[in-house]
Amino acid sequence: MFRRKAFSLLKTMPLKSGASNFASKFIHPVIAFHGHGCHRTSVDYRQAQDSPGSARGQTITAPQTKVMAEEELPGVLILGVGGTHGVLEDLAALLKKHFRLITMTEFLENKREISKKIQSIFVFECRPTIDRKLLESLPNLKVIGNSGVGVDHLDLKMIANFGVKVTNTPHAVADSTADIGMALMLASARRLVEGCQIAVSPDTKYFAVDWLGVEVTRSTLGIIGMGNIGYKVAQRARAFHMRILYHNRKQRRKEEEEAVGAHYCEKIEDLLQQSDFVMLVVNLTPETHKLIGKKELGLMKPTATLINISRGAVIDQDALAEALQNKVVRAAALDVTYPEPLPRDHPLLKLNNIIITPHIGTATVQALRMMAEEAIANMLAVLNGQPIPSEVFPK
């Protein structure tokens with residue numbers, strides 16, 4: 001719902017004269033080969049690729065080509081357009097520039113003829129569901145373009161066995177997700193949700209002088225998962241003069257650590273014991289499932305706050321509810337839960353020392369457009385035999 005309202009604003013947002021589209025740096029040059037006039041695109045994959053056409057900052061001029069008829073465009077399967085779960089109409093319009101859109105309803109009504117035309121699937125908000133039955137019915141499928149960075153809803157090994165590639169959109173989501181992490185940290189530290197409720201309540205007659213929060217500035221932030229998003233969180237935290245600790249599968253290069261003033265903790269226990277704020281920025285994998293449980297919460301300071309902008313199942317939510325009730329930790333701020341939304345009688349919903357938002361880390365006008373553009377770039381790269389900006393491999 002939040003994404004739909006935000007994206008609808010695109011129609012009313014004028015582009016400043018001479019302003020470049022920020023998302024264009026993620027666009028693969030093959031996009032220009034499908035129905036667009038000749039223009040220059042600055043390509044910046046921010047990936048460890050040295051293949052032709054993918055050099056950082058390289059300017060590429062697309063050749064003149066005629067607009068393809070809809071029947072000539074490669075087919076892309078989507079759940080639907082609009083409605084509760086379908087692709088947003090504005091995103092569908094972007095896809096139509098490069099693909100023939102085929103909805104799940106159209107596919108199911110005429111499987112025999114349409115199945116051969118589908119070469120790609122655009123997964124939006126984890127839909128459509130990718131299972132073995134669907135893959136067996138699509139003989140010409142080459143790529144699944146996931147809109148978003150998390151792919152825990154996709155069986156990567158099964159998909160790879162069908163010879164199908166999977167891509168995601170890590171670049172498009174990084175800034176917006178880092179922003180929501182900082183927003184949750186600040187809101188929880190200064191008790192903004194509670195404060196707003198007090199300020200607007202009809203029962204409020206005065207503001208209490210002992211209603212206190214804690215400061216973010218010069219406190220210690222522990223980041224668990226120092227990938228692209230985690231690093232952007234560190235960049236923002238440095239502006240608050242925070243002491244930054246991080247735990248990651250691999251230690252960052254020394255120059256990267258020095259750029260944000262981050263210190264590596266090989267053991268997660270060391271990070272938990274020292275941090276005033278602990279932020280989770282990891283992918284959901286078997287190794288990270290319930291990464292934070294009763295033991296880990298017990299290691300944290302009683303004055304500490306836990307922030308989750310990754311996936312709900314990374315936290316043992318029953319253990320978190322107990323820790324918050326018993327003041328084992330000061331507070332929590334979650335943009336993700338498991339399931340989403342939580343059952344209305346869930347104990348976390350009854351606490352006043354927690355903030356829960358409806359998975360809105362990427363719910364900005366800019367992020368949604370960039371996610372669609374990056375997904376399109378990935379899918380077209382596969383179909384055209386070009387270097388793939390953001391391919392996801394099974395482990």
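Shown above is the structure to which this text applies.
The rules behind the values
- Residues numbered from 1 in each chain as written.
- Predicted model: local features only at pLDDT ≥ 70, side-chain atom pairs only at ≥ 80, totals over all residues.
- Heavy atoms only, no water.
- Helix = DSSP H or I, 4+ residues; strand = E, 2+ residues; numbered from the N terminus.
- Buried < 20%, exposed > 50% of the residue type's maximum accessible area, 1.4 Å probe, protein only.
- Contact = heavy atoms within 4.5 Å.
- Areas by Shrake-Rupley, 256 points an atom, 1.4 Å probe, with all protein chains shown as cover.
- Core = buried A, V, L, I, M, F, W, Y, C linked by side-chain atoms within 4.5 Å.
- Salt bridge = Lys/Arg side-chain N within 4 Å of Asp/Glu carboxyl O.
- Pairing = 2+ DSSP bridges.
- Axes fitted to C-alpha atoms, helices over the stretch in contact; angles between N-to-C directions.
- Expected span 1.5 Å × (residues − 1).
- Phe/Tyr/Trp six-rings, centres within 6.5 Å; stacked < 30°, edge-to-face > 60°.
- Right-handed = clockwise from strand over helix to strand, strands pointing away.

*Asks:* Even after reading the chapter, I still don't get the overall build of the chain, so can you show me in this structure?
*Replies:* Across its full length, the chain carries 14 helices and 15 strands. In the chain, which comprises 395 residues, the proportion classed as buried is 49%. Taking as baseline every contact in the chain between residues at least 6 positions apart, the subset at least 24 positions apart corresponds to 65%. By element, 53% of the accessible surface of the chain is carried by carbon and sulfur atoms, the whole surface being about 20200 Å².

*Asks:* Explain unusual backbone geometry to me, please; I cannot follow it from the model alone.
*Replies:* Keep in mind that most residues, glycine aside, have a negative phi and that most peptide bonds are trans. Arg-127 connects to Pro-128 through a cis peptide bond whose omega is 0 degrees. Cis geometry is adopted by the peptide bond preceding Pro-341, which originates at Glu-340 and carries an omega value of -5 degrees. Non-glycine residue Arg-191 carries a positive phi angle of around 55 degrees. As for its position among the elements, Arg-191 is in the loop between helix 7 (170-189) and helix 8 (192-200). The phi dihedral of Arg-218 falls on the positive side, at around 65 degrees, and the residue is not glycine. Here Arg-218 shows up in the loop between helix 8 and strand 8 (220-224).

*Asks:* Just to check I follow, could you spell out the nonpolar core for this structure?
*Replies:* Note that soluble globular proteins tend to have their nonpolar side chains buried in a common cluster. Ranked by internal contacts, the top residues of the largest apolar core, which has 54 residues, are Leu-95, Phe-122, Leu-221, Ile-223 and Ile-309. Not counting chain neighbours up to four residues away, the residues in contact with Ile-223 comprise Gly-230, Val-233, Ala-234, Ile-244, Leu-245, Tyr-246, His-247, Leu-271, Met-279 and Val-281. Of all hydrophobic cores here, the second largest spans 28 residues; its members include Leu-245, Leu-271, Ala-332 and Ile-354.

*Asks:* How should I be thinking about the pattern of salt bridges in this particular structure?
*Replies:* A side chain of one charge can pair with a side chain of the opposite charge if their charged atoms are brought near each other. Counted according to the given criterion, the structure contains eleven salt bridges. The partner of Asp-152 in a salt bridge is Arg-311, with the nearest N and O atoms 3.0 Å apart. Of this pair, Asp-152 sits in the loop between strand 6 (143-147) and helix 6 (156-161) while Arg-311 is found in the loop between strand 12 (305-308) and helix 13 (317-325), placing the two residues 159 residues apart along the sequence. For Asp-152, a relative accessible area of 37% corresponds to the partly exposed category. Between Arg-252 and Glu-256 there is a salt bridge whose closest N-O contact spans 3.3 Å.

*Asks:* Hey, could you run me through the sheet that holds strand 4 (residues 100-103) in this one?
*Replies:* Each strand in a sheet pairs with its neighbour through backbone hydrogen bonds, running either in the same direction (parallel) or in the opposite one (antiparallel). Across the sheet, six strands lie side by side as 4-3-5-6-7-15; this open sheet has mixed pairing. Of all the strands in the sheet, the pair left with one neighbour each is strand 4 and strand 15 (391-392). In terms of strand pairing, strand 3 (residues 75-78) meets strand 4 through four bridges, oriented parallel. Pairing of Ile-78 across the sheet is with Thr-103, part of strand 4. Seen against the sheet, helix 2 (residues 89-96) touches strand 3, strand 4 and strand 5 (118-124) and runs at an angle of roughly 130 degrees to strand 4.

*Asks:* Sorry, what's going on with helix 14 (residues 365-383) here?
*Replies:* Each α-helix turn comprises 3.6 residues. Residues three or four places apart therefore point the same way. Relative to the 27 Å expected for 19 residues at 1.5 Å per residue, helix 14 spans 28 Å between its end C-alpha atoms, a close match to the ideal helical length. Most of helix 14 is tucked away: 16 of the 19 residues are buried. One or two steps after helix 14, the chain reaches Gly-385, where phi turns positive at roughly 65 degrees.

*Asks:* It is not clear to me how the packing of aromatic side chains should be interpreted in this structure. Could you clarify?
*Replies:* In this description, an aromatic ring pair is defined by two values, namely the gap between the centres and the angle between the planes. In the structure shown here, the tally under the stated rule is two aromatic pairs. Between Tyr-246 and Tyr-264 the ring centres are 5.2 Å apart and the planes differ by 50 degrees, which places this aromatic pair in the tilted class. Of this pair, Tyr-246 sits in strand 9 (residues 243-247) while Tyr-264 sits in strand 10 (residues 262-264); the two residues are 18 residues apart in sequence, bridging distant segments of the chain.

*Asks:* Sorry if this is basic, but what is going on with the side chain of Thr-167 here?
*Replies:* In this fold, Thr-167 is placed in strand 7 (residues 165-167). Ignoring sequence-local partners within four residues, the contact set of Thr-167 consists of Val-143, Ile-144, Gly-145, Asn-146, Asn-378, Ile-388, Ser-390, Glu-391 and Val-392.

*Asks:* Help me understand the pairing of strand 6, please; the structure alone is not making it clear to me.
*Replies:* Regular strands place their side chains on alternate faces of the sheet. Of all five residues in strand 6, five are buried, a share of seventy percent or more. Along strand 6, one buried face is formed by Val-143, Gly-145 and Ser-147 and the opposite face, lined by Ile-144 and Asn-146, is buried too. When strand 5 meets strand 6, the two strands line up parallel, connected through five bridges. The residue of strand 6 that forms the bridge with Phe-122 is Gly-145. Here strand 6 pairs with strand 7 via three bridges, running parallel. Considered in strand 7, the bridge of Ile-144 is made with Val-166. In this view, the connection linking strand 6 to its parallel neighbour strand 7 by way of helix 6 has right-handed handedness.

*Asks:* Would you take a moment to explain the sheet that holds strand 14 (residues 354-356) for this structure?
*Replies:* Strands sit in the order 10-9-8-11-12-13-14 across an open sheet of seven strands; the sheet is parallel. Of all strands in the sheet, those bounded by a partner on one side alone are strand 10 and strand 14. The mean angle between the axes of side-by-side strands here comes to 20 degrees, regardless of whether they run parallel or antiparallel. Two elements, strand 9 and strand 10, share three bridges in a ladder whose sense is parallel. Bridging from a neighbouring strand, Tyr-246 pairs with Tyr-264 of strand 10.

*Asks:* Quick question: what am I supposed to make of the environment of Ala-172 here?
*Replies:* By secondary structure assignment, the location of Ala-172 is in helix 7. Residue Ala-172 is classed as buried on the basis of its relative accessible area, which comes to 2%. A C-alpha to C-alpha distance of 7.9 Å links Ala-172 and Leu-368, two positions 196 residues apart in sequence.

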